[in-house]
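Coordinate inspection notes
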Amino acid sequence: MKPSALHLALIGDYNPDVIAHQAIPIALQQAADALKLKIDVQWLDTDTLTPHTTLRHFDGFWCVPASPYRDADGALRAIRFAREQKRPFLGTCGGFQHAVLEYARHVLGWADAEHGELAPDAKRAVIAPLSCALVEATDSVRLTPYTRIAEAYGALDIDEGYRCRYGINPEFANALLEGDLIASGHDSAGDLRAVELLDHPFFVATLFQPERAALKGTPPPLATALLQACQGASR
């Protein structure tokens with residue numbers, strides 16, 4: 001009997017010109033090949049994610065870069081489903097930003113939490129412009145020991161690439177990280193670049209774009225870790 005495929009959802013509005021969108025399906029296939037798994041990958045455009053969209057048949061979720069999304073609320077619905085239903089989740093770049101926003105609104109109860117790109121004048125813009133934009137930049141990241149991301153990389157010091165202008169607003173960082181959302185990676189300047197949830201089998205988000213390694217023929221460790229988490233959850 002042939003093993004059934006793992007079903008992965010990519011949350012985001014597909015654009016063939018976006019490097020991350022080119023890389024993510026390749027990254028997942030490279031990881032699947034290394035793990036000898038069959039996968040089925042489906043893009044979920046954010047404006048198709050209504051309150052009536054069924055997501056239960058997906059084993060895992062990856063919220064992808066290139067925000068602002070056509071429908072931020074649609075992206076937040078899918079992220080919330082993954083968080084509440086304990087489905088493996090990875091968010092990169094824009095996915096990181098929206099994972100933090102979803103947590104702020106629905107776990108911390110900050111109904112007025114906003115993304116600064118969409119609501120620049122909001123009093124509680126938990127996502128705000130970076131002091132220095134990271135567009136086609138590469139930097140070192142120090143991972144927090146004993147976290148999911150450190151386990152995935154098998155190292156504490158890594159180098160990763162970015163294409164990003166927004167991150168966690170330092171004004172709200174301490175309050176955001178008082179509960180189950182923890183800091184799991186900081187860059188060379190000490191700025192927060194990765195988070196994860198303690199009360200979840202696998203919920204990891206990075207401001208950097210680890211998927212880019214796939215375009216150089218290297219399976220990204222987080223793509224492998226995501227599939228391993230999906231495999232474990234589906235047994």
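The name recorded for the protein in an unreviewed UniProt entry is CTP synthase (glutamine hydrolyzing), from Pseudomonas palleroniana. Listed under Sequence similarities (unreviewed entry) in UniProt, the entry text for the protein is "Belongs to the CTP synthase family." Quoted straight from UniProt, the Catalytic activity (unreviewed entry) entry for the protein says "UTP + L-glutamine + ATP + H2O = CTP + L-glutamate + ADP + phosphate + 2 H(+)".

1. Quick look at the overall build of the protein
Along the backbone of the protein there are 6 helices and 10 strands. When its C-alpha atoms are laid out on the principal axes, the protein stretches across 55 × 40 × 35 Å. The burial tally for the protein puts 51% of its 235 residues in the buried class. If you take every contact in the protein between residues at least 6 apart in sequence, the share linking residues at least 24 apart comes to 71%. Charge centroids of the protein, computed over 21 positive and 29 negative side chains, lie 6 Å from each other.

2. Focus on the UniProt feature "domain: Glutamine amidotransferase" (unreviewed entry) in the protein
The sites that carry the UniProt feature "domain: Glutamine amidotransferase" (unreviewed entry) are, in the present numbering, residues 28–111. Within the segment residues 28–111, helix and strand shares are 40% and 17% respectively, and the terminal C-alpha atoms sit 34 Å apart.

3. Here we look at the packing of aromatic side chains
Following the criterion strictly, the structure yields 6 aromatic pairs and no others. A centroid spacing of 6.1 Å and a plane angle of 85° characterise the contact between Tyr-162 and Phe-208, whose relative ring orientation is edge-to-face. Of this pair, Tyr-162 sits in strand β7 (residues 157–168) while Phe-208 sits in the loop between β10 (203–206) and α6 (221–234), and the two are 46 residues apart along the sequence.

4. Side note on the pattern of salt bridges
Scanning the model with the defined rule gives 14 salt bridges in all. Residues Arg-105 and Glu-114 are paired through a salt bridge, measuring 3.2 Å at the closest nitrogen-oxygen approach. Note that Asp-157 is salt-bridged to Arg-142, the shortest N-O span being 2.6 Å. Here Asp-157, found in strand β7, pairs with Arg-142, found in strand β6 (residues 125–143); they are 15 residues apart in sequence, far enough to count as distant. The network of salt bridges with common partners includes Asp-13, Asp-45, Asp-47 and Arg-70.

What counts and how
Residues numbered from 1 in each chain as written. Predicted model: local features only at pLDDT ≥ 70, side-chain atom pairs only at ≥ 80, totals over all residues. Heavy atoms only, no water. UniProt positions renumbered as here; feature names shortened; annotations may be inferred. Helix = DSSP H or I, 4+ residues; strand = E, 2+ residues; numbered from the N terminus. Buried < 20%, exposed > 50% of the residue type's maximum accessible area, 1.4 Å probe, protein only. Contact = heavy atoms within 4.5 Å. Lys, Arg positive; Asp, Glu negative; His and termini not counted. Charge placed at Lys NZ, Arg CZ, Asp CG, Glu CD. Phe/Tyr/Trp six-rings, centres within 6.5 Å; stacked < 30°, edge-to-face > 60°. Salt bridge = Lys/Arg side-chain N within 4 Å of Asp/Glu carboxyl O.

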